[in-house]
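# Survey of secondary and tertiary structure
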Amino acid sequence: MENALSSPLQMSAAPVRHARRSKRNRSVIPGFGLTMGLTLAWLSLIVLIPLSTVFIRSAGMGWADFLAAGFSPRAVAAYTVSFGTAFAAALVNAVFGLLTAWVIVRYDFPGKRVVNALIDLPFALPTAVAGIALTAIYAGNGWVGQFFEPLGIQLAYTPVGITLALIFIGLPFIVRSVEPVLEDMSAEVEEAALSLGANPWQIFSRVILPAILPSLLTGFALAFARGVGEYGSVIFIAGNMPFKSEIAPLLIITQLEQYDYAGATAIATVMLVASFAVLLLINLIQAWSRRRMNG
Amino acid sequence: MITLQGITKRYGHYAALDNVSLEVRDGEFLALLGPSGSGKTTLLRIIAGLAFPDEGSVQFNGEDVTHLKVADRKVGFVFQHYALFKHMTVADNVGFGLSVRKRGQRPAKAQIKARADELLDLVQLGGLGERYPAQLSGGQRQRVALARALAVEPQLLLLDEPFGALDAKVRKTLRRWLRDLHKRMGLTSIFVTHDQEEALELADRVVVMDHGVIEQIGTPEQVYMEPATPFVSDFVGETNRLPGGVHVRPHDLEIIGGTCEPDGHELIVDNIFRKGGVWRVEGIFSDNSVVELDVDASLKPPSPGDSIRVRPRRSKTFTSTGAKSHEQA
């Protein structure tokens, strides 16, 4: 009888609660609608609208004109330099950035904090300053360049110089992406491999590297993206010779200075699509390897 | 047989192990029991070859292995947090030890796979070889870690708090299962634990450690019934400390009727609760210390606030000159 008395009360309360809950999956953390709305508006304003104007502009010029401007021999050479050097720099950074991160995480040495601060310096330094400094060092009469000059190797004013600048710019991306993951990896895992008879190379290649690969890829993607877009430090050391050491961003500036807006946007569109494709690919690889590890 | 002689390990001025000597018999299941900081894990790591002593020697069957690396000692090591290779399937984890062997000694891929499956069957995880560690429960992961350690056919199995990260129910099942496995495989096993119950239940012999020294080595029965030092009496099982260095277990105290009895101690009952098959009575002693005793559940327990007299049926007295046992007739 008590049940019969209390149930009408419950009945009247339940449908209201149910109706509200079934509307959408309610989250305990409030403010989803507001924050998501703001985020979307903000992203549109800052990223999406400016980038879409690139497409709209180039769409107006017609397919033939677009191909002529976007894939002119000079433009293609510039893409090759830009993407090639960015890729090479990111690759070098992947190796040495990983080594740096390893040393910082695994060993204690005097001056560790200073080294740690040094790594972030490329983030903070105006890129033009970096460019001028690197040019001074790697030019034929510079500190380092003078040793290569007699061997017939020119560092500055070549794609090698560009790569050097991009290595400088990209270093922190790799170190800072890999570092936390290395820190998270317990020494136990390495000891386990050691106790099972693995040698140091086997431990690195079969235990450590696969575990940090997703974060290494993240760092690689960031360094690569930064390298493709880098302008300030590169123009000083590049020499900027068309077909040889001219990067795509510089070509865009050149077109703009000649009031060839259509040509500039065509090149910009090609770079945008190519960068997006590369980043998407890296993200997919990353998602795949991460899924394997976290079930 | 494993012989440790005069093992000392220092970290700065702090001696993690101070002149520790120990013999482990073949086929034995040995527990290193102690609180954190007692040096038990350091000792296990030294036996494994994951750490090296500052002084002393480690011998396996009379052969000096003090400076031998872990890979050359033929030991299996199981870590508290499993230390599985997350990016490998369970079967690849188990087969890892075989797959890293030198070219001449390395079995063929199919053989490694077969051996891994065999070991997974042994640890009752047959059919889960293609999963990744993240898809397994804690208890399953620890069994994978065990199978991985067994794959290289170690002469000695070392386990560092193997059940420490598991919940109580799983721990109990796994404990019994490990005991069976140890017997079946005829291994010599050493495990580290801070859980005295675990040590008493599993081990053939228990090594009780504190502050880098061995306090007592003995069978679970000896360690529990005949503790050699006040520390062992305190750490292994529950103990009441009464004046005069008298140690009494809660189940060795009895309530005596009437207040005219000359012997015994007076307590004010503070709290009573059911602890399994007995009543656990917490009483306050005259010096404000808490004394615990067990009362048969079939008897009517005293009520809080009651004054009772208790007498030890069996006790142990520790003085500066040594330990003495007393038994009530």
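How each quantity is defined
- Residues numbered from 1 in each chain as written.
- Chains lettered and ligands numbered in written order.
- Predicted model: local features only at pLDDT ≥ 70, side-chain atom pairs only at ≥ 80, totals over all residues.
- Heavy atoms only, no water.
- Phe/Tyr/Trp six-rings, centres within 6.5 Å; stacked < 30°, edge-to-face > 60°.
- Helix = DSSP H or I, 4+ residues; strand = E, 2+ residues; numbered from the N terminus.
- Buried < 20%, exposed > 50% of the residue type's maximum accessible area, 1.4 Å probe, protein only.
- Lys NZ or Arg CZ within 6 Å of the ring centre and 35° of its normal.
- Pairing = 2+ DSSP bridges.
- Contact = heavy atoms within 4.5 Å.
- Domains from an automatic or database assignment.
- Buried area = accessible area lost by both parts, 1.4 Å probe.
- Salt bridge = Lys/Arg side-chain N within 4 Å of Asp/Glu carboxyl O.
- Polar contact = N/O pair within 3.5 Å; in protein donor to acceptor, adjacent residues only side chain to side chain.
- Nonpolar A, V, L, I, M, F, W, Y, C, P; charged D, E, K, R; others polar.
- Patch = residues over 30% accessible without salt bridge, like charges linked within 9 Å, V, L, I, M, F, W, Y side chains within 5 Å.
- Areas by Shrake-Rupley, 256 points an atom, 1.4 Å probe, with all protein chains shown as cover.
- Axes fitted to C-alpha atoms, helices over the stretch in contact; angles between N-to-C directions.
- Parallel < 35°, antiparallel > 145°, perpendicular 65-115°, else oblique.
- Left-handed = near helix turned anticlockwise from the far one by under 90°.

## Let's talk about the packing of aromatic side chains
A complete count under the given rule lists twelve aromatic pairs over all chains for this structure. Plain terms: the ring middles of Phe83 of chain A and Phe224 of chain A are 6.1 Å apart, the flat faces sit at 35° to each other, and that makes the pair tilted. With Phe83 of chain A in helix H4 (residues 73–106) and Phe224 of chain A in helix H10 (residues 200–229), this residue pair connects regions lying 141 residues apart in the sequence. With respect to class, Phe83 of chain A is no different from Phe224 of chain A; both count as buried. Here Phe85 of chain B and Phe96 of chain B contribute two aromatic rings whose centre-to-centre distance is 4.7 Å and whose plane-to-plane angle is 55°, an arrangement assigned as tilted. With Phe85 of chain B in the loop between strand E6 (75–78) and helix H2 (90–99) and Phe96 of chain B in helix H2, this residue pair connects regions lying eleven residues apart in the sequence. Exposure class is identical for Phe85 of chain B and Phe96 of chain B. Each is buried. Every member of this aromatic cluster is reached through a ring pair, and the members are Phe83, Phe87, Phe220 and Phe224 of chain A. Positioned over the ring face of Phe85 of chain B is Arg148 of chain B, at 4.6 Å from the centre of the ring. Over the face of the ring belonging to Tyr224 of chain B we find Arg249 of chain B, whose NZ or CZ atom lies 4.1 Å from the ring centre.

## Some thoughts on the sheet that holds strand E1 (residues 2–11) of chain B
Paired through their backbone hydrogen bonds, the strands of a sheet run either parallel or antiparallel. Residue and element names in this part refer to chain B. Taken together, the four strands give an open sheet; going across it, the order is E2-E1-E4-E5, and neighbouring strands pair in antiparallel fashion. Taken across any chain shown, the strands that pair with only one partner, and hence form the sheet edges, are strand E2 (14–24) and strand E5 (63–64). Here two bridges tie strand E4 (residues 55–60) to E5, and the two strands are oriented antiparallel to one another. Note on E5: the bridge partner recorded for Gln59 is Asp64.

## Re the environment of Phe173 of chain A
Residue and element names in this part refer to chain A. Here Phe173 lies in helix H8 (residues 159–184). For the pair Phe173 and Pro200, spaced 27 residues apart in sequence, the C-alpha to C-alpha distance is 26 Å. Apart from residues lying up to four places away in sequence, Phe173 is in contact with Phe123, Gly219, Leu222, Ala223 and Arg226.

## As for the domain arrangement of chain A
Residues and elements named next belong to chain A. Looking at the assigned domains, one finds that chain A contains domain 1 (1–60) and domain 2 (63–294). One C-alpha centre belongs to domain 1, the other to domain 2, and the line joining them spans 40 Å. Contact residues are listed per partner, giving five residues for domain 1 and eight residues for domain 2. It is Val54, Phe55 and Ser58 in domain 1 that bury the most area against domain 2; as a group they hold 70% of the surface buried on that side. Here domain 1 is connected to domain 2 by zero salt bridges. Here domain 1 is connected to domain 2 by one residue pair in polar contact (both at pLDDT 80 or more). Across the side of domain 1 that touches domain 2, the residue classes tally to three nonpolar, one polar and one charged.

## Quick look at the pairing of strand E9 (residues 205–210) of chain B
Residue and element names in this part refer to chain B. The element E9 is largely enclosed, with a buried count of six among its six residues. Where burial is concerned, the two faces of E9 agree: the one with Arg205, Val207 and Met209 and the one with Val206, Val208 and Asp210 are both buried. As judged from the four bridges shared by strand E3 (residues 29–33) and E9, these two strands associate in the parallel manner. Its bridge partner being in E9, Leu30 is matched across the sheet by Arg205. The pairing of E9 with strand E10 (residues 213–218) spans five bridges and is classified as antiparallel. If you follow Val208 over to E10, its bridge partner there is Gln216. Counting the residues in the hairpin turn of E9 and E10 gives two residues, including His211, whose phi is positive at 50°.

## So, a nonpolar patch on the surface
All names here are of chain A. Side chains of Trp42, Leu43, Leu45, Ile46, Val47, Leu48, Ile49 and Leu51 sit close together on the surface and give an oily, nonpolar patch of about 780 Å² of accessible area. As for its placement among the helices and strands, Ile49 is situated in helix H2 (residues 32–59). Take Ile49: its relative accessible area is 45%, and that puts it in the partly exposed class.

## As for unusual backbone geometry
Residue and element names in this part refer to chain B. With a phi angle near 60°, Gln124 is a residue other than glycine that sits in the positive phi range. As for its placement among the helices and strands, Gln124 is situated in the loop between helix H3 (109–122) and helix H4 (138–150). Its identity is not glycine, yet Asn288 carries a phi of approximately 75°, on the positive side. Looking at the element boundaries, Asn288 is found in the loop between strand E15 (278–284) and strand E16 (290–296).

## Digging into the pattern of salt bridges
Residues and elements named next belong to chain B. All told, the structure shown has 31 salt bridges over all chains when counted by the stated rule. A salt bridge links Arg115 to Glu153; the shortest N-O distance between them is 3.6 Å. Here the residue Arg115 occupies a position in helix H3, and Glu153 occupies one in the loop between H4 and strand E7 (156–160), the gap between them amounting to 38 residues. Residue Glu153 is classed as exposed on the basis of its relative accessible area of 52%. With its nearest N and O atoms 3.0 Å apart, the salt bridge here joins Arg241 to Asp234. Here the salt bridges do not stand alone but share partners, grouping Arg171, Arg175, Asp195, Glu197, Glu198 and Glu201 into one network.

## A short note on the environment of Lys300 of chain B
Residues and elements named next belong to chain B. Tracing the chain through its elements places Lys300 in the loop between E16 and strand E17 (307–312). A relative accessible area of 73% means that Lys300 is categorised as exposed. The spacing of Lys300 and Gly245 is 55 residues in sequence and 31 Å in space, taken between C-alpha atoms.

## What about the packing of H8 of chain A against H10 of chain A?
Two packed helices can be described by the angle between their axes and the distance between those axes. Residues and elements named next belong to chain A. Relative to each other, H8 and H10 sit at 150°, their axes nearing to 8 Å. Taken together, the axis directions place H8 and H10 in an arrangement best described as roughly antiparallel. For the pair H8 and H10, the sense of crossing is right-handed. Here Leu166, Ile169, Gly170, Phe173, Ile174, Ser177, Val178, Val181 and Leu182 of H8 lie close against H10, whose contacting residues are Ile208, Ala211, Ile212, Ser215, Leu216, Thr218, Gly219, Phe220, Leu222, Ala223, Arg226 and Gly227. Counted by class, the contact of H8 with H10 contains 14 nonpolar, six polar and one charged residues.

## Remarks on the packing of H4 of chain A against H10 of chain A
Residues and elements named next belong to chain A. At a closest axis distance of 8 Å, the pairing of H4 and H10 adopts a crossing angle of 135°. As far as their axial angle goes, H10 and H4 are oblique. By crossing handedness, the relation of H4 to H10 is classed as right-handed. On H10, the residues touching Ser82, Phe83, Ala86, Phe87, Ala90, Leu91, Ala94, Leu98 and Trp102 of H4 are Phe204, Ile208, Leu209, Ile212, Leu216, Phe220, Ala223, Phe224, Gly227 and Val228. Class assignment of the residues belonging to the contact of H4 with H10 gives a composition of 17 nonpolar, two polar and no charged.

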